[in-house]
Amino acid sequence: MYKTILVPIDLDEDTLISLAAKHVEDLAEQNDARIHFVSVIPSYQYAATLSFAFTMDALNESKVKDIALTTLKGIVSKFNISDDRIEHHIISGGTPKDQILKLAENLNADLIVIGSNRPSIATYLIGSNAAAIVRHAKCSVLVAR
Ligand code: ADP
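Rules used throughout
- Residues numbered from 1 in each chain as written.
- Predicted model: local features only at pLDDT ≥ 70, side-chain atom pairs only at ≥ 80, totals over all residues.
- Heavy atoms only, no water.
- Near = heavy atom within 4 Å.
- Polar contact = N/O pair within 3.5 Å; in protein donor to acceptor, adjacent residues only side chain to side chain.
- Areas by Shrake-Rupley, 256 points an atom, 1.4 Å probe, with all protein chains shown as cover.
- Helix = DSSP H or I, 4+ residues; strand = E, 2+ residues; numbered from the N terminus.
- Nonpolar A, V, L, I, M, F, W, Y, C, P; charged D, E, K, R; others polar.
- Salt bridge = Lys/Arg side-chain N within 4 Å of Asp/Glu carboxyl O.
- Buried < 20%, exposed > 50% of the residue type's maximum accessible area, 1.4 Å probe, protein only.

K.L.:
Could you clarify how one ought to interpret the site of the ligand in this entry?
P.N.:
Residues in close proximity to the ligand total 17 residues, the closest being Pro8, Val40, Arg118, Asn129 and Ala130. The separation between a nitrogen atom of the ligand and a polar main-chain atom of valine 40 is 2.8 Å. Taken by itself the ligand offers 550 Å² of open surface, and the protein chains cover 91% of this. For the shell around the ligand, the secondary structure elements donating two or more residues are strand E2 (34-41), helix H5 (96-107), strand E4 (111-115) and helix H6 (128-136). Among the residues forming the shell around the ligand, the class breakdown is nine nonpolar, six polar and two charged.

Now the structure itself:
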């Protein structure tokens, strides 16, 4: 039923590993689906990255994207999904919700699997990115808790 599944991963909080890994693994297997993992690096995180680990000249978009891709691949490698089903996407700039919704449309995704919010944040609400994706996505959305 689901052929193209989009799985957004927040690199700062690898929540989906515990919350959604099993869902994604089963969905990939049952549906013979292609799984697109995506991480969005919002603009403000470049400054945070600078103060944390990098000198000014290292702070350029392609290096930050390389580091993000390596991190994403490390997270995705823990999922039990065969490599030939997987694609990785790193998008810089904008907001996670807007970029995730845009990529879902470009890929013609038929399902998005997201975490509800950071487990470290005690709340009855879902996170702001998750809420916007549920509200505006043109495809089904599975919110893992
Ligand atoms: P919170 O505000 O509690 O962090 P969010 O709505 O931001 O909650 O996060 C919920 C889910 O949205 C995450 O589990 C992830 O699936 C997705 N998400 C959030 N930020 C990003 C990001 N920068 N890149 C990709 N996906 C993200």
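After presenting the structure, the write-up continues.
K.L.:
Sorry if this is basic, but what is going on with the pattern of salt bridges here?
P.N.:
Any two side chains of opposite charge can pair if their charged atoms end up close together. In the structure shown here, the tally under the stated rule is four salt bridges. Between arginine 85 and aspartate 32 there is a salt bridge, with its nearest N and O atoms 2.9 Å apart. Here arginine 85, found in the loop between helix H4 (61-76) and strand E3 (86-92), pairs with aspartate 32, found in the loop between helix H2 (21-31) and E2; they are 53 residues apart in sequence, far enough to count as distant. Residue lysine 138 pairs with glutamate 105 through a salt bridge whose shortest N-O separation is 3.2 Å. Of this pair, lysine 138 sits in the loop between H6 and strand E5 (140-144) while glutamate 105 is found in helix H5, placing the two residues 33 residues apart along the sequence. Classification of lysine 138 as exposed rests on a relative accessible area of 71%.

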